[in-house]
Amino acid sequence: GGRISSVIDVKMKEGNMKKFSISGGLGLISSRLTIEGPLKKNKCSFILSGRRTYIDLITKPFLKKFQGGKFAGNSYYFYDINAKINYIVSDKDRLYLSGYFGRDVFNFKDQAGDFNFNFPWGNTTLTARWNHVFGDKLFMNAMVLYNDYKFNANANFRDITFNLSSSVKEISAKIHFDYAPLIGHNMK
């Protein structure tokens, strides 16, 4: 959202305009997969990627043994999905549609069913962007953005139920112009 407190600027790949490809990887605690390619060769491309941790699956047997099976339902994991479509309208115009969906999930429960705590949180973002080149010195980026951050805390202890949730939704639009009147001079 362009906030002053932002500490990270994420830029997504644009997808391969010429050929389809699949890449991925297996790690010690997570895996990832990316699929990309042309929807219309040299005109429109897509990229779709996802990842998930599986530390919850790896630690489950150890937690059962370590805690004597008393708290065998404990787990933490996250997953996310990124997608983007890139369309070349003309030599001077390009359209993008991108999105992100991610969740972190923490569960804690005992075997007897007396206590259960569930704490998922995550973010969903969608962006529509139009790039236009006016000439060698002037460039424009126009965007419409949607952002939805949510978290929930749900707990059950015998006959007591506790639910807490919060979310922040935002829809915004912005337009940026980059102007370079002389070499070494830039105006935004």
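Keep in mind it's a predicted model, so treat the numbers as computed, not measured. (Residues numbered from 1 in each chain as written. Predicted model: local features only at pLDDT ≥ 70, side-chain atom pairs only at ≥ 80, totals over all residues. Heavy atoms only, no water.)

Some words on the environment of Ile160
- In this fold, Ile160 is placed in strand β8 (residues 160-179).
- For the pair Ile160 and Asp114, spaced 46 residues apart in the sequence, the C-alpha separation amounts to 9.8 Å. (Helix = DSSP H or I, 4+ residues; strand = E, 2+ residues; numbered from the N terminus.)

Some remarks on a nonpolar patch on the surface
- There is a patch of nonpolar side chains on the surface, built from Tyr87, Val89, Leu95 and Trp130 and spanning about 330 Å² of accessible area.
- Within the secondary structure, Val89 sits in the loop between β4 (75-88) and β5 (93-109).
- Its relative accessible area of 39% is what places Val89 among the partly exposed residues. (Patch = residues over 30% accessible without salt bridge, like charges linked within 9 Å, V, L, I, M, F, W, Y side chains within 5 Å. Areas by Shrake-Rupley, 256 points an atom, 1.4 Å probe, with all protein chains shown as cover. Salt bridge = Lys/Arg side-chain N within 4 Å of Asp/Glu carboxyl O. Buried < 20%, exposed > 50% of the residue type's maximum accessible area, 1.4 Å probe, protein only.)

Some details on the pairing of strand β2 (residues 30-40)
- As defined by bridge partners, strand β1 (residues 21-26) adjoins β2 across six bridges and the pair is classed as antiparallel. By the bridge assignment, Leu26 is partnered in β2 with Ser31.
- Taken together, β1 and the strand that follows it, β2, pair antiparallel across an intervening segment of three residues.
- In this sheet, strand β3 (residues 44-53) lies alongside β2 in antiparallel orientation, the contact comprising ten bridges. Bridged to Gly37 within β3 is Phe46. (Pairing = 2+ DSSP bridges.)

Topic: the packing of aromatic side chains
- Counted by the stated rule, this structure contains nine aromatic pairs.
- Summarising the aromatic geometry, the rings of Tyr77 and Tyr79 are spaced 6.4 Å apart at their centres and angled 25 degrees between planes, so their arrangement reads as stacked.
- By relative accessible area, Tyr79 is classed as partly exposed at 28%.
- The interplanar angle of 25 degrees and the centroid separation of 6.1 Å between the aromatic rings of Phe117 and Phe119 together place this pair among those described as stacked. (Phe/Tyr/Trp six-rings, centres within 6.5 Å; stacked < 30°, edge-to-face > 60°.)

A closer look at the side chain of Glu36
- Residue placement: Glu36 occurs in strand β2.
- According to the relative accessible area criterion, Glu36 is buried, its value standing at 10%.
- Here Lys13 takes part through its side chain, which lies 3.3 Å from a polar atom of the side chain of Glu36.
- Within the local environment of Glu36, its side chain forms a polar contact with the backbone nitrogen of Asn16, the two atoms lying 3.0 Å apart.
- Not counting the four nearest positions on each side in its chain, Glu36 is found in contact with Lys13, Gly15, Asn16, Lys19, Phe20, Ser21, Phe46 and Ile47. (Polar contact = N/O pair within 3.5 Å; in protein donor to acceptor, adjacent residues only side chain to side chain. Contact = heavy atoms within 4.5 Å.)

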